[in-house]
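Given next are the chains, with one letter for each unit.
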Amino acid sequence: MKREVVKFIIFAALVMLAPLPLKQSYLLNVLVFVGINTLLAVALNLLLGFAGQISLGHAAFFGMGAYLSGILTANFGLNPWLIIVLAAVTVGGLAFVLGFPILKLKGHYLAMATLGFGIIFYIVFNETIGLTGGPSGLPGIPNLAIGSLTFDNDLKNYYLIWGVTLLTILLCVNLAHSRIGRALRAIHDSEVAARVMGVNVRLLKVQIFALSAAISAVAGSLYAHTMTFISPTSFGFNFSVELVTMVIIGGLGSIYGSFLGAALLTLLPELLRAFRDYDIIAYGALLVFMTIFMPGGLVRGIPDLMLFLWSRLTGKRGGNAQTG
Amino acid sequence: MLGKTLAAAQIALLVLGVGNSALAAQPIKIGALFAVTGPASFLGEPERNTAQMVVAEINRAGGIKGQMLELIVYDTQGDATKAVQAANRLIKEDRVVAIIGPSTTGDTMAVIPLVEKEQIPLISCAAGIKITEPLKKWVFKTAQNDSLAVAKIYERLVRQKISRVAILTVSDSFGSSGREQLKAQAARFGIQIETDDTYGPKDTDMTAQLTRIRGSQAQALICWGTNPGPAVIARNAKQLGLKLPLYMSHGVSSKKFIELAGDAAEGITLPSGRVLVAELLPESDRQKKSLLGFVKDYQRHYNKEGDHFGGHAWDAVMLLKGAIERGADTPATIREQLEKSRGFAGIGGIFNFSPQDHAGLASDAFVLVEIKNRDWLLVK
C-alpha cells in the first residue's frame, strides 16, 4: 500500500507541473481532453479490467452526463455543481437498474446488450430535438464557476478536470486494494469460485457497473461545461469502442495503464498530423503493432521494451529478452 | 485508382509548393477544418479539394499582392471534440489569420465559442441557420440557408396548385434542419403536411414509409437527405408504382445521385446552387464567370465534376482573398473587410455581407432543376 501512495504522489505531482512549460500552447487544450478521457478509461477499467465485464455502450453514460448538465444549465439555468451530482446519481441509478438484467449475460451476449443500449441512447440524443437540439447540437452551456472564479480557459479547466481525475484515480486505487478489489478480481477469474468464496457476484457486478457509469457521467458533465457545446457525434458507438481501445492498449486492470492508453489515443492523432492524409493508416498500423507486440498493454509493454533495448545495447543476455 | 493517384500527386505538389513559398517570403496562413472522413465526408472531401485547388491557383498566379497563401487543413471527422482540438491547434500553434469551415453545422457550433474568444474570423461551409442567427461578431458562412431551398420547392408547388405533401427526411443534421424548415414554412405557403416520416442515414429500404405515403392524401413527396438514401427512395418509389411527383433537396445535387438512382431519377425536381447548370445559364447571369471557372479548374485538377459543396469552400477562400486584397492582414482587419464584402458573385450566389448579415445571400441563390435523360434541366 505504501508503494501505491508514493506512485500516486509522483503521478499527481507530474500532472500538476505539466502545464508550466506549455503556457498558451494548444497542447494544453489537448491535455484537458486527455484528463477527461483518463477519467472515462479509469471508469471503464473498473468494469472491464477488474470485474472482466465488457461494455460497448459507455459513451452513452458519458453522453447522458453531458446532456443532463447541458440541458438543465443552458435551458433551465439550474446550479451546474448541483447538476453534476444529480447527473452522477441519476446515471448511476439508471445503470444500477439496467445492470441487473444486462449483467446476467456473459461474453458476446453482454457485448451485444451494452452495444444495444449505447445505440438506443445515441438515437435518443439525435431524435429528441426539442430537448437536445438534435444532430446540430446544444449550444450555450455555461462554464463552471466558483464565486468570481470562472473556469473559462484551458489552464483553469486543466486543473479542474485533472483535480477530479486525480481524486477518482485515488478512489480507484484504494478500491482495487480493498476487499472489493480482490472480490472483483476473483469474479474476473472465475465467477463460480468467487461465489463459493462467499462473494455476492451478481450484486457486486451491478454495483461496479453503476459506479463506472456514475464516473462516466461526471466526465460527461465536465466535458459539457468545458466545451460549452455538445452534439451527439461525440457520444456514438465509435467513441465507446475508442474507450475500450484505451483500456486495452493501456493495460487491463491497471489504473495508470488507463491513463497511458487515454493519453496515447488522444495525443496520437495530433502527433500523426505530419502524415497528412495518411494519418489514419499510420494510426491503425500503430494500434495493430501494439496489440501484437504488447498484449499486456503499454503499462507492461514499455518497461519490457526498455529492458529489451537495454540488454541489446549492453550486449548482455541479448537473446532471451522478453517483449511480451 | 487513377483518380486517387492523381489526387495524391496533387497533394504532394501542393506540399512542395507551399514548402518553397515558405522559404521565399512570409506566407499568409489560412486554416481549414473539413470533415474529410466520417459520415459527412460527402461535404468535407470536395470542400478540402476545392480549397487546396483555389489556393494553388492563387499562388500560381503570384499570390495576393505578391504574398503567397499557405493553407493548413485538418480533418474533423465530423466530430465536435476533434473539431475543437483542431481549431485550437490552428489558432495557437499554426497561428492562422482566418479559418475556413467546418463542414457541418454541429462542428461549426462547437468551434464558435473558441473563435469568438480568440477573435479569429471563421467562414463556415455549413448551412444551419443557427450559425449566423443570432449574429456572431467573428462568424460568417457561405452555404445557403436550408430555408431558401425549402421556399424554392414550396413556391413551385403553389404554382402547380399542390397543397398536400408528404415529407420524408433523414435523421441526421442535414435532414433534421430540412424537416424543421419544411414544417415551419408550410403554413406561409398554405401547404398541409399529410405525413411526416424519417429514415436512418444507413437504411437500405424505405418501402415501409413509402407504402404509408401511398395510402395518404399527399399530392407530392418531398425527400430531404444526402446520398445514398434518396436514391433508394427514388428506386423504391418506382418499384411501388408511386405516381406522386418527387422532390429532393440540394443534398443530392450531384451527378452521383443520377448514377445511383438510374432510371428512377427521371423527372425528379430539386433545388440546387447554380453550379450544376452553369453552362445553361444566360450570359447575363453575374455568377456565370465564377461558375465556369470553378467547374473547369476542378475538372482539370481532379478529373471530376465540381459540386455544390465544393463551391462553399471556393466562396470562402475567394471572400478571404478579396478581404486581403483590400489591405487586411490581421484577424481583426480581415473580419472588418469581410463584413464589407458586397456584390461578390461566387458559386453559392451573390454575397452581400453587412454588420447585420453574415450569411449574405438572397433567396435567388437556388434554382430549381429537373432530371431529364440523365442530365439537369433548368426549371423556369
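Computed from a predicted structure; not experimentally measured.

Now, about the overall build of chain B: what can you tell me, with residues and values included?
Looking only at helices and strands, one finds twelve helices and 14 strands in chain B. A compact globule built from 380 residues would reach a C-alpha radius of gyration of about 21 Å, and chain B, at 21 Å, matches this within 12%. Counting every position in chain B, which comprises 380 residues, the buried fraction comes to 53%. Put simply, 68% of the contacts in chain B that link residues at least 6 apart link residues at least 24 apart.

Account for the overall build of chain A, with residues named and values stated.
Helix and strand counts for chain A stand at 14 helices and two strands. Against the compact-globule benchmark of 20 Å for 324 residues, chain A has a radius of gyration of 20 Å, which places it among compact chains. The dimensions of chain A, computed from C-alpha atoms along their principal axes, are 65 × 55 × 40 Å. Of all intrachain contacts in chain A linking residues separated by at least 6 positions in sequence, the fraction that spans at least 24 positions is 74%.

Kindly report on the domain arrangement of chain B, identifying the contributing residues and their values.
Looking at the assigned domains, one finds that chain B contains domain 1 (2-144 + 288-362) and domain 2 (146-272). A class-by-class count of the residues in the side of domain 1 of chain B that touches domain 2 of chain B yields four nonpolar, six polar and two charged.

Which residues make up the pairing of strand β13 (residues 367-372) of chain B, and what values go with them?
Residue and element names in this part refer to chain B. Only one face of β13 is covered, namely the face carrying Val 367, Val 369 and Ile 371; the face carrying Leu 368, Glu 370 and Lys 372 is uncovered. Of the strand pairs in this sheet, strand β10 (residues 269-272) and β13 are connected by four bridges, and their pairing is antiparallel. Along β13, the bridge assignment pairs Thr 269 with Glu 370. In this structure, β13 lies alongside strand β14 (residues 375-378), joined through four bridges in antiparallel fashion. Looking across to β14, one finds that Ile 371 is bridged to Trp 376. Where β13 folds back on β14, the antiparallel hairpin that results is connected by two residues, among which Asn 373 adopts a positive phi of roughly 50°.

If you had to explain the interface of chain B and chain A to someone new, which residues and values would you point to?
Taken together, the 24 residues of chain B in the interface contact 22 residues of chain A. Contributing elements (two or more residues each) for the side of chain B that touches chain A: α3 (80-92), α4 (105-118) and α6 (173-186) of chain B. Looking at side-chain class alone, the side of chain B that touches chain A contains six nonpolar, twelve polar and six charged residues.

Break down helix α11 (residues 308-325) of chain B for me, citing the residues and quoting the values.
Between the first and last C-alpha of α11 of chain B there are 26 Å, a value that for 18 residues agrees with the 26 Å anticipated at 1.5 Å per step. The buried fraction of α11 of chain B amounts to 15 of the 18 residues, a majority that puts the element mostly inside the structure.

Any chance you could break down the sheet that holds strand β4 (residues 122-124) of chain B for me, citing the residues and the numbers?
All names here are of chain B. The strand order β2-β1-β3-β4-β5 describes an open sheet built from five strands, whose pairing is parallel. Looking at which strands have only one partner, the edges of the open sheet turn out to be β2 (69-75) and β5 (139-141). Looking at each pair of strands side by side, their axes are set apart by 25° on average, direction ignored. Relative to β2, strand β1 (residues 28-34) runs parallel, the two being bridged by seven bridges. Counted as the bridge partner of Gly 31 is Ile 72 from β2. Contacts between α4 and the sheet are confined to β1, β3 (98-100), β4 and β5, with β4 contributing the most and set at about 170° to the helix.

Can you break down the packing of helix α3 (residues 58-74) of chain A against helix α5 (residues 107-127) of chain A residue by residue, with the values?
Residues and elements named next belong to chain A. The N-to-C vectors of α3 and α5 enclose an angle of 30°; their axes lie 8 Å apart at closest approach. Between α3 and α5, the interaxial angle falls into the category roughly parallel. Between α3 and α5 lies a crossing whose hand is left-handed. Between α3 and α5, the contacting residues are Ala 59, Ala 60, Gly 63, Met 64 and Tyr 67 on the first element and Phe 117, Gly 118, Phe 121, Tyr 122 and Phe 125 on the second.

With reference to specific residues and values, describe the nonpolar core.
Counting 217 residues, the largest nonpolar core has Ala 87 and Ile 99 of chain B as its most contacted members. Per element, the largest residue contribution to this core is 18 residues, and it comes from helix α2 (residues 26-50) of chain A. Two domains each put at least three residues into this core: domain 1 (2-144 + 288-362) and domain 2 (146-272) of chain B.

Break down unusual backbone geometry for me, citing the residues and quoting the values.
All names here are of chain B. With an omega dihedral of 0°, the bond running from Glu 133 to Pro 134 counts as a cis peptide bond. Along the polypeptide, Pro 134 turns up in the loop between β4 and β5. Following Asn 227, the chain continues into Pro 228 via a peptide bond in cis, with omega recorded as 5°. A positive phi is found at Lys 65, a non-glycine position, where the angle reads about 50°. Assignment of secondary structure puts Lys 65 in the loop between α2 (41-60) and β2. Its 9 C-beta neighbours within 10 Å are what place Lys 65 among the exposed residues. We note that Gln 119 has phi near 60°; this positive angle belongs to a residue other than glycine. Residue position: Gln 119 is located in the loop between α4 and β4.

Quick rundown of the environment of Lys 243 of chain B? Include the residues and the values.
Mapped onto the elements of the fold, Lys 243 of chain B is located in the loop between α8 (229-240) and β9 (246-247). For Lys 243 of chain B, a count of 9 C-beta atoms within 10 Å gives the class exposed.

Outline the environment of Tyr 247 of chain B, supporting the account with residue identities and numerical values.
Residues and elements named next belong to chain B. Among the secondary structure elements, Tyr 247 is positioned in strand β9. It is 45 Å that separates the C-alpha atoms of Tyr 247 and Gly 327, two residues lying 80 residues apart in sequence. The contact partners of Tyr 247, leaving out residues within four places of it in the chain, are Ile 153, Ala 220, Leu 221, Ile 222, Thr 269 and Leu 270.

Now, about the environment of Phe 62 of chain A: what can you tell me, with residues and values included?
Residue and element names in this part refer to chain A. By the secondary structure assignment, Phe 62 is in helix α3. When the 33 C-beta atoms within 10 Å are taken as the criterion, Phe 62 is described as buried. C-alpha of Phe 62 to C-alpha of Ala 224: the two residues are 162 residues apart in sequence and 9.9 Å apart in space. Ignoring sequence-local partners within four residues, the contact set of Phe 62 consists of Leu 40, Ser 216, Ala 219, Gly 220 and Phe 235.

I'd like to hear about the pairing of β2 of chain B, residue by residue, with values.
Taking burial as the measure, the seven residues of β2 of chain B include five buried ones, the bulk of the element. Once the chain exits β1 of chain B it traverses α2 of chain B before rejoining the sheet at β2 of chain B, and the crossover so formed is right-handed.

Break down helix α10 (residues 201-227) of chain A for me, with residues and values.
Residue and element names in this part refer to chain A. Between the first and last C-alpha of α10 there are 39 Å, a value that for 27 residues agrees with the 39 Å anticipated at 1.5 Å per step. Counting buried positions over the 27 residues of α10 gives 22, a clear majority of the element. Just downstream of α10 lies Thr 228, where phi reads positive at about 60°.

Go over the confidence of the model for chain B with me, naming the residues and quoting the values.
Low-pLDDT stretches of the model should not have their predicted coordinates read in fine detail. Within chain B, residue pLDDT values average 89, and 93% of them lie at 70 or more. Predicted confidence is poor over residues 16-23 of chain B, with pLDDT under 50, and the contacts of this stretch with residues over four places away or in other chains come to eight contacts.

Can you explain the confidence of the model for chain A? Please cite residues and give values.
Mean pLDDT over chain A works out to 91, with 97% of the residues at or above the 70 mark. In this model residues 318-324 of chain A is a low-confidence stretch, pLDDT under 50, and it forms 13 contacts with partners more than four residues away in sequence or in other chains.

Rules used in this analysis
- Residues numbered from 1 in each chain as written.
- Chains lettered and ligands numbered in written order.
- Predicted model: local features only at pLDDT ≥ 70, side-chain atom pairs only at ≥ 80, totals over all residues.
- Helix = DSSP H or I, 4+ residues; strand = E, 2+ residues; numbered from the N terminus.
- Rg over C-alpha atoms; globule rule 2.2 N^0.38 Å.
- Buried ≥ 20, exposed ≤ 12 C-beta atoms within 10 Å, placed from the backbone.
- Contact = placed C-beta atoms within 7 Å.
- Domains from an automatic or database assignment.
- Nonpolar A, V, L, I, M, F, W, Y, C, P; charged D, E, K, R; others polar.
- Pairing = 2+ DSSP bridges.
- Expected span 1.5 Å × (residues − 1).
- Axes fitted to C-alpha atoms, helices over the stretch in contact; angles between N-to-C directions.
- Parallel < 35°, antiparallel > 145°, perpendicular 65-115°, else oblique.
- Left-handed = near helix turned anticlockwise from the far one by under 90°.
- Core = buried A, V, L, I, M, F, W, Y, C linked by C-beta atoms within 7 Å.
- Right-handed = clockwise from strand over helix to strand, strands pointing away.
- pLDDT = per-residue confidence, 0-100.

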